[in-house]
Amino acid sequence: REDCCRQFNKAEAEGNMWRQRYETEAVAKAEELEMAKMKMQARLTEAESTIENLNGKLYQIEKARTKLQSEIEEMTANLDQAQILNNQMEKKARQFDKIVAEWKRKVDGLSMDLDNSQTECRNASSELFRVKSAYEEQVAQLDEVRRENKQ
């Protein structure tokens, strides 16, 4: 019986020890877990706030990207129009160059004709002067012959 009582007391002491140990360790662990839970809750709140901020920034960036995309499309359209206009102007410039070259050939031809005409005119003028001089000389001789014949 004493052995039973001793075992009972021993078991009771061991139970009390376990209970006390449980209370101290479990309560400490529970407090530790509660603190960890509060820290996690704070981190979660902070992370949610960060996510909201980043989502706001993302919205602004998407908005800016959409605006830039529309500007790029508008600029591309303007570039296409400018290239078409440039090609048309280059084509007109080539046509004007052809016209200018044609007129230059005509002017060169007319200049050559003018030079030839001026040369012919000078030749005719000198021939006329020569003929006129010869005529005047002949008239003078004729007058002299007539005067001689009258006498």
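Just above, that's the structure.
Residues numbered from 1 in each chain as written. Predicted model: local features only at pLDDT ≥ 70, side-chain atom pairs only at ≥ 80, totals over all residues. Heavy atoms only, no water.

Colleague: Mind laying out the overall build of the chain, listing which residues take part and the relevant values?
Modeller: A count of helices and strands for the chain gives 1 helix and 0 strands. In terms of overall dimensions, the chain is more spread out than a globule: its C-alpha atoms have a radius of gyration of 62 Å, far above the 15 Å expected for 151 residues. When the backbone C-alpha atoms are referred to their principal axes, the chain occupies close to 210 × 25 × 20 Å. Each of the 151 residues in the chain was classed as buried or not, and the buried ones make up 0%. Summing over all exposed atoms, the chain offers an accessible surface of approximately 14700 Å²; the carbon and sulfur share of this is 58%. When the 26 basic and 30 acidic side-chain charges of the chain are each reduced to a single mean position, those positions are 1 Å apart. (Helix = DSSP H or I, 4+ residues; strand = E, 2+ residues; numbered from the N terminus. Rg over C-alpha atoms; globule rule 2.2 N^0.38 Å. Buried < 20%, exposed > 50% of the residue type's maximum accessible area, 1.4 Å probe, protein only. Areas by Shrake-Rupley, 256 points an atom, 1.4 Å probe, with all protein chains shown as cover. Lys, Arg positive; Asp, Glu negative; His and termini not counted. Charge placed at Lys NZ, Arg CZ, Asp CG, Glu CD.)

Colleague: Describe the pattern of salt bridges, with residues and values.
Modeller: Scanning the model with the defined rule gives 8 salt bridges in all. With its nearest N and O atoms 3.2 Å apart, the salt bridge here joins Glu62 to Arg65. With a gap of 3 residues between them, Glu62 and Arg65 both fall in helix 1 (residues 2–150), about one helical turn apart. A relative accessible area of 48% places Arg65 in the partly exposed class. The salt bridge involving Asp108 is made with Lys104; its shortest N-O contact spans 3.6 Å. In this pair, Asp108 and Lys104 are both assigned in helix 1, 4 residues apart and thus about one turn of the helix distant. Accessibility expressed as a relative area gives 42% for Asp108, which makes it partly exposed. Residue Lys104 is classed as exposed on the basis of its relative accessible area of 51%. (Salt bridge = Lys/Arg side-chain N within 4 Å of Asp/Glu carboxyl O.)

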